[in-house]
Amino acid sequence: MPAVQETVERVRRIDVDQYRYGFETLIESDKAPKGLSEDTVAFISAKKSEPAWMLEWRLEAYRRWLTMTEPKWARVNYPKIDYQDLYYYSAPKPKKQVTSLDEIDPEILKTYEKLGIPLREVEVLEGVVRKDGEDAPVERRIAVDAVFDSVSVATTFKEELKKAGVIFMPISEAIREHPELVKKYLGSVVPTSDNFFATLNSAVFSDGSFVYVPPGVRCPMELSTYFRINERNTGQFERTLIIADKGSYVSYLEGCTAPQRDENQLHAAVVELVALDDAEIKYSTVQNWYPGNSEGLGGIYNFVTKRGDCRGKNSKISWTQVETGSAITWKYPSCILRGDNSRGEFYSIAISNGFQQVDSGTKMLHLGKNTTSRIISKGIAAGRSQNTYRGLVTAHRKATGARNFTACDSLLIGDKCGAHTVPYVEAKNSSALFEHEATTSKISEDVLFYCTQRGLSQEEAVGLVVNGFVKDVLQQLPMEFAVEAQKLISISLEGSVG
Amino acid sequence: MPLLEVKDLTVRVEDNEILHGLSLTVNKGEVHAIMGPNGSGKSTLSHVIAGKPDYEVTGGEILFNGEDLLEMDPDERAAKGVFLAFQYPVEIPGVATMTFLRTALNAQRKARGESELLTPAFLKKAYEVADRLNVPRDMLKRGVNVGFSGGEKKRNEILQMALFEPSLCILDEMDSGLDIDALRVAADGVNALRSPDRAMVVITHYQRLLNYVVPDFVHVMSKGRVVKSGGKELALELEASGYTQFEDAA
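A. Main features of the overall build of chain B. Within chain B one finds eight helices and twelve strands. Counting only C-alpha atoms, chain B reaches 55 × 40 × 35 Å along its principal axes. Put simply, chain B has 250 residues, and 54% of those count as buried. Here the analysis covers contacts within chain B between residues at least 6 apart in sequence; of these, 68% occur between residues at least 24 apart. A total accessible area of about 10,600 Å² is found for chain B, and carbon and sulfur atoms account for 47% of it. Across chain B, the mean location of the 28 positive side-chain charges is 6 Å away from that of the 37 negative side-chain charges.

B. Examining the overall build of chain A more closely. Tallying secondary structure elements over chain A gives 13 helices and 25 strands in all. Counting every position in chain A, which comprises 498 residues, the buried fraction comes to 62%. Taking the contacts inside chain A whose residues are at least 6 apart along the sequence as the reference set, 84% of them involve residues at least 24 apart. By element, 49% of the accessible surface of chain A is carried by carbon and sulfur atoms, the whole surface being about 18,800 Å².

C. Spatial organisation of the interface of chain A and chain B. Contact residues are listed per partner, giving 23 residues for chain A and 33 residues for chain B. Both sides of the chain A and chain B interface together cover about 2,400 Å² of buried area, and 63% of this is carbon and sulfur. The largest per-residue losses of area from chain A upon contact with chain B belong to Phe449, Tyr450 and Arg454 of chain A, which jointly make up 33% of the total buried on that side. Here chain A is connected to chain B by two salt bridges. Summed over the shared surface of chain A and chain B, the result is ten residue pairs in polar contact (both at pLDDT 80 or more). Mapped by element, the contributors of at least two residues to the side of chain A that touches chain B are helix H1 (2-13), helix H10 (445-453) and helix H11 (458-469) of chain A. Of the residues assigned to the side of chain A that touches chain B, the class counts are eleven nonpolar, six polar and six charged.

D. The arrangement of helix H4 (residues 119-132) of chain B in detail. Residues and elements named next belong to chain B. The first and last C-alpha atoms of H4 sit 20 Å apart over 14 residues, in line with the 20 Å expected at 1.5 Å per residue. Taken together, the buried positions of H4 are Phe122, Ala126, Val129 and Ala130. One face of H4 carries all of its buried residues, which in axial projection span an arc of 100°. H4 presents Pro120, Lys124 and Arg132 as exposed residues on the side facing more than 90 degrees away from its buried surface. In this structure, the buried side of H4 is in contact with helix H3 (97-111) and helix H5 (150-164). Of the residues flanking the end of H4, it is Asn134, one or two places downstream, whose phi is positive at about 60°.

E. Summary view of the packing of helix H2 (residues 38-47) of chain A against helix H3 (residues 52-66) of chain A. All names here are of chain A. Put simply, H2 and H3 touch, their axes get as near as 10 Å, and they point 150° apart. Between H2 and H3, the crossing angle belongs to the class labelled roughly antiparallel. In this structure, H2 crosses over H3, and the sense of that crossing is right-handed. Every residue of H3 that contacts H2 at Glu38, Val41, Ala42, Ile44 and Ser45 is listed here: Leu55, Arg58, Leu59, Tyr62 and Arg63. In terms of residue class, the contact of H2 with H3 is made up of six nonpolar, one polar and three charged.

F. Geometry of the state of the cysteines. Residues and elements named next belong to chain A. Taken as a whole and assessed by the stated rule, the structure comprises zero disulfides over all chains. Free of any disulfide, Cys310 has its nearest cysteine sulfur in Cys335, 5.5 Å distant. You can see Cys451 has no disulfide; the closest cysteine sulfur is in Cys417, sitting 19 Å from it.

G. Region of the structure containing the pairing of strand S9 (residues 168-172) of chain B. All names here are of chain B. Most of S9 is tucked away, with five of its five residues classed as buried. Going residue by residue along S9, you find Leu168, Ile170 and Asp172 tucked away on one face and Cys169 and Leu171 tucked away on the opposite face as well. Inspection of the sheet shows S9 paired to strand S10 (residues 199-204) by five bridges, in the parallel sense. Opposite Cys169, over in S10, you have Met200 as the bridge partner. Regarding topology, helix H6 (residues 180-192) serves as the crossover connection from S9 to the parallel S10, and that connection is right-handed.

H. Representation of the sheet that holds strand S6 (residues 82-85) of chain B within the structure. Residue and element names in this part refer to chain B. On the basis of which strands lie adjacent, the open sheet formed by six strands has the order S6-S9-S10-S3-S11-S12 and mixed pairing. Each edge of the sheet is formed by a strand with only one pairing partner; in this case those strands are S6 and strand S12 (225-230). In this sheet, adjacent strand axes meet at a mean angle of 20° when their direction is disregarded.

I. Main features of the sheet that holds strand S4 (residues 56-64) of chain B. All names here are of chain B. Taken in spatial order, the four strands of this open sheet run S2-S1-S4-S5, and their pairing is antiparallel. Because the sheet does not close on itself, it has two edges, and the strands there are strand S2 (16-26) and strand S5 (67-68). For strand S1 (residues 4-13) and S2, the ladder comprises eight bridges, and the chain directions are antiparallel. Paired with Glu5 across the strands is Thr25, a residue of S2.

J. The confidence of the model for chain B, seen in detail. Taken residue by residue, chain B gives an average pLDDT of 91. The fraction at 70 or more is 98%. Here the complex is predicted with pTM 0.79, and the ipTM for its interfaces comes to 0.95.

K. Structural view of unusual backbone geometry. Of note, Ser49 of chain A is a non-glycine position whose phi angle comes to about 50°, a positive value. The exposure class assigned to Ser49 of chain A is partly exposed, which follows from its relative accessible area of 49%. Of note in the backbone geometry, Asp8 of chain B takes a positive phi value of approximately 50° without being a glycine.

L. Highlighting the packing of aromatic side chains. Taken as a whole, this structure holds 20 aromatic pairs over all chains when the rule is applied. Relative to Phe86 of chain B, the ring of Tyr450 of chain A lies with its centre 4.9 Å away and its plane at 55°, an arrangement referred to as tilted. Pair noted here: Tyr450 of chain A is in helix H10 and Phe86 of chain B is in the loop between S6 and strand S7 (92-96), and the two residues belong to different chains. Residue Tyr450 of chain A is classed as buried on the basis of its relative accessible area of 0%. Linked through ring pairs, Tyr62, Trp65, Trp73, Tyr78, Tyr83, Phe196, Phe197, Tyr301, Phe303, Trp330 and Tyr332 of chain A together constitute an aromatic cluster. In this arrangement the basic side chain of Arg239 of chain A is found over the ring face of Phe205 of chain A, its NZ or CZ atom lying 5.8 Å from the centre.

Definitions and cut-offs
Residues numbered from 1 in each chain as written. Chains lettered and ligands numbered in written order. Predicted model: local features only at pLDDT ≥ 70, side-chain atom pairs only at ≥ 80, totals over all residues. Heavy atoms only, no water. Helix = DSSP H or I, 4+ residues; strand = E, 2+ residues; numbered from the N terminus. Buried < 20%, exposed > 50% of the residue type's maximum accessible area, 1.4 Å probe, protein only. Contact = heavy atoms within 4.5 Å. Areas by Shrake-Rupley, 256 points an atom, 1.4 Å probe, with all protein chains shown as cover. Lys, Arg positive; Asp, Glu negative; His and termini not counted. Charge placed at Lys NZ, Arg CZ, Asp CG, Glu CD. Buried area = accessible area lost by both parts, 1.4 Å probe. Salt bridge = Lys/Arg side-chain N within 4 Å of Asp/Glu carboxyl O. Polar contact = N/O pair within 3.5 Å; in protein donor to acceptor, adjacent residues only side chain to side chain. Nonpolar A, V, L, I, M, F, W, Y, C, P; charged D, E, K, R; others polar. Expected span 1.5 Å × (residues − 1). Arc of directions from axis to C-beta. Axes fitted to C-alpha atoms, helices over the stretch in contact; angles between N-to-C directions. Parallel < 35°, antiparallel > 145°, perpendicular 65-115°, else oblique. Left-handed = near helix turned anticlockwise from the far one by under 90°. Disulfide = S-S within 2.5 Å. Pairing = 2+ DSSP bridges. Right-handed = clockwise from strand over helix to strand, strands pointing away. pLDDT = per-residue confidence, 0-100. Phe/Tyr/Trp six-rings, centres within 6.5 Å; stacked < 30°, edge-to-face > 60°. Lys NZ or Arg CZ within 6 Å of the ring centre and 35° of its normal.

Below, the structure is given as structure tokens:
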């Protein structure tokens, strides 16, 4: 694991408040007027040249949202959000109609370059051909969709994916080009009435990714979306919809960063996954939104609804998340195990430092027969942060033979942070078998002394112990992401000891 | 210049003074045994030399190659060549022993201004040392000390000692929890590391270990002081008469 060494070196160079992605890009942007109204919704819909049915769908959601109240049950605290004081749409002002990567504002391309997101296909090719340990070189390519504030600015490898029959494009384009698919699946996993933030998203979402993998197709490359909030006072409401048709397979990666700002920014995304018979979706997230500074000022509110529907028999959905950023994280990537023999997985690393608050976990809803699920959650709390795992596992009356295994491990660094585990388990039939294991541990002085006696600095020692603690989950990530995630983990724990 | 000079050291933990003016001089090539009853301060001495936090040094000094050791962090001391083989080595789940060894060795090399060992060179060296000490290579792939038997943990300590090539090895109760066969294996490993450039301080409660690792000097500690020093025959004398006489002397 050469990355460990790399990690500890990076940590040594970085200060607590140096969020690596905290730069801002100065570009002209095209914004909706501040505040939320039917006009705002119509403005967004018009900007996207949407058909009438889409506008109607949004307005319905908006009207529903007006009747809803913000939920309060999570173990998080934040001042009241003024929804009229936000911009709901911000797009980099295009110099002209964009038809190829060459025409995208070079400032934006530079931003993605700084983030290490290779947008140009040549760079993608060069960037990810790597030697896998001492084995023969493995060629891996990733198609990238980059979303800047509200708009998707570039999607790579489109042509090649098209040949395989895979549709991968900004959702705004999919609404225009594949209305039959969007109409059929949008809101079918997370209905417009689902919850306060999801309903808000349904009304004002501006972009996101759309993926459709046709029957029997194994997507020839990893798909990836990179989200970036740049504009001040903007909410980012992206919407992702992934459909894996019968017998297909797709692996999808999502990365997120934002500039460093004193005010809080709202991010309320919705992700819907649909897996039909014998299909498999693997969804990985490395979330590194700006977490706020060392006094707890600023940072992203990450209030996200992610849900997968194992609609067909023998289908499988696997969520892997590495959460290191955001001032507040409030999300539960979940699986509805509807098809018989379907399987849901949730692998999570949630790290909180400084004043960060995390309330995250999953829901595994067993509806079909012989459905199985597995939950591995690793929570790491440092500084003055609060880290909660909240999970729900249920078996429907008809879900005979349902099985779940849950392991929640928490690691505390220092004595001013908190780790909490809130598992809910409901079995409505007697053949369901649910197992739950939970541990809470502290990085002990003895372990730190042992490591420092062998020549590691305190920071290196913490990095090593934590990377060992999360290893089971890191192994679930695609290799490129695993290395990046490992670095992030150590960086986000910088300053947590001594 | 002596390798290690402990001069009139007094140490407290919270409100209790554990060491009251302890002195010890160790030269390169020598093996010193420190014996004494439980609670006499043997382990405290080893921890303070290695730099464990929570101990307050209220008087005296520790010089290592003439440098003030008390001014250094534990990792700096390690890089200078101080090695402590722990009585109870900790477990680090999820971190492969090989990864740990490589990270630690390279951290030490870097601190000394030496170049880092790249993976192939490191693997060669690690396997060479493991083979020499009869440590199965498979053990290097397991998590650090996770699920190791008492004997395996001690062998892992000796393996690290051999790999890091320190100039001062402190062995804290390395015989505790070992049966006679495991003790012999561990002692063979230690004896193989005896060298004119290296000194060893062997801390033990029982004389038994000293049949295998034969010391040049024996010091008896009682109540935070060295109360008697002598050659290896002193250990045998202790075995016969016990510690009681020294407790009275202290």
